[in-house]
Amino acid sequence: MIDKLDLLLALSREHHFGRAADACCVTQQTLSAGVKSLENQLGTRLVQRGSRFQGFTPEGERVLAWARRIVADARAMREDVATLRRGPAGHLRIAAIPTVLPMISALTTPYHLRYPDVRLSVLSATSATILDLIENLVADAGLTYLDHEPLSRVTTIPLFKERYQLLTAAGGQHDGRTSITWSEVSRTPLCLLTPDMQNRRIVDQQLRASGSDPAPTLESNSMIVLMSHVRTLHWSSIMPAALADALGPMPGLRTIPIVEPEIEHTIGLVVPQREPATPMVAALVGIARHLARTLDGRIGKADASRACAVDVRENSLR
């Protein structure tokens, strides 16, 4: 049944019989037969069929919720048993919002050095998509905002406070400034992340609070694209201070802290709310908590106290 539930989960992710079959490395006929067999076992129709995929029945939606739990627990059990023999090994998939990608090596590098048998993948995704990826077992963990998107069925580990700076070209109109207000930023030609990004929605909210409608003349979902346009002297952009720190000195560019007000939002690790945690995820949580302590100057004690408890079983993983 677990294999059949896996096929059903693939269909829920792809919304297409052919793509779901490809994702599972089976033929479309095998996938359809597996779903049909599951329907016969449960005595109800799960998928609305037609010439193409049309969605799930109410019973199918309920079975999907169970499938996520059952398949996740089965994977965790296999990983847990294998870890007893050889230590953490396998494939750990981390999804992260674009603004934290340059600094994710602070988490993945110590993880790799301690657990070299784990293969790491880092995916760029929006904050809302990260939660979907975790729920649908596509990602094992995420780095995202902890105080904006509704967070449910995940454990959170706060890492640092995101503060904002104006990224502008050296020799531009703001040369010599040591700070700049949001009101002044709103009158600067801007290139910003696309509106599906939580960072952009935060920036838009603050620009409106300063009395201006956000009106960037260029948008992109890539920070690299934004930075390349800032270098032309025709645009400025807004980036988190932690991102600027991670990138280090940027020839031809400078950052100016944005004040009045100086806003901040908490960035942290989110992992499935599962007990016991899988060994690979438990190890990641342990390293994230150590990293949070090194970033203690950027995160408040109140945020740290809100971190949910996870049994990281560090002694058994050493």
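To be clear, the structure that these remarks concern was listed above.
Residues numbered from 1 in each chain as written. Predicted model: local features only at pLDDT ≥ 70, side-chain atom pairs only at ≥ 80, totals over all residues. Heavy atoms only, no water.

(A) Structural context of the overall build of the protein. From N to C terminus, the protein includes 13 helices and ten strands. Overall size of the protein, expressed as C-alpha extent along the three principal axes, is 70 × 50 × 30 Å. Among the 318 residues that make up the protein, the fraction classed as buried is 49%. The contacts in the protein between residues at least 6 apart in sequence include a share of 75% that link residues at least 24 apart. Charge separation in the protein, taken as the distance between the mean sites of 35 positive and 32 negative side-chain charges, equals 4 Å. (Helix = DSSP H or I, 4+ residues; strand = E, 2+ residues; numbered from the N terminus. Buried < 20%, exposed > 50% of the residue type's maximum accessible area, 1.4 Å probe, protein only. Contact = heavy atoms within 4.5 Å. Lys, Arg positive; Asp, Glu negative; His and termini not counted. Charge placed at Lys NZ, Arg CZ, Asp CG, Glu CD.)

(B) The pattern of salt bridges, seen in detail. Applying the stated rule across the entire model yields ten salt bridges. Between arginine 163 and glutamate 264 there is a salt bridge, with its nearest N and O atoms 2.9 Å apart. Here arginine 163 is found in strand S4 (residues 154-169), whereas its partner glutamate 264 is found in strand S10 (residues 264-272), with 101 residues between them in sequence. The class of glutamate 264 is partly exposed, set by a relative accessible area of 35%. Salt bridges sharing common partners tie together Arg163, Glu262 and Glu264. (Salt bridge = Lys/Arg side-chain N within 4 Å of Asp/Glu carboxyl O.)

(C) Broad picture of a nonpolar patch on the surface. Residues Ile2, Trp66 and Ile70 make up a contiguous nonpolar surface patch of roughly 260 Å² in combined accessible area. Overall, isoleucine 2 belongs to the partly exposed group, its relative accessible area being 33%. (Patch = residues over 30% accessible without salt bridge, like charges linked within 9 Å, V, L, I, M, F, W, Y side chains within 5 Å. Areas by Shrake-Rupley, 256 points an atom, 1.4 Å probe, with all protein chains shown as cover.)

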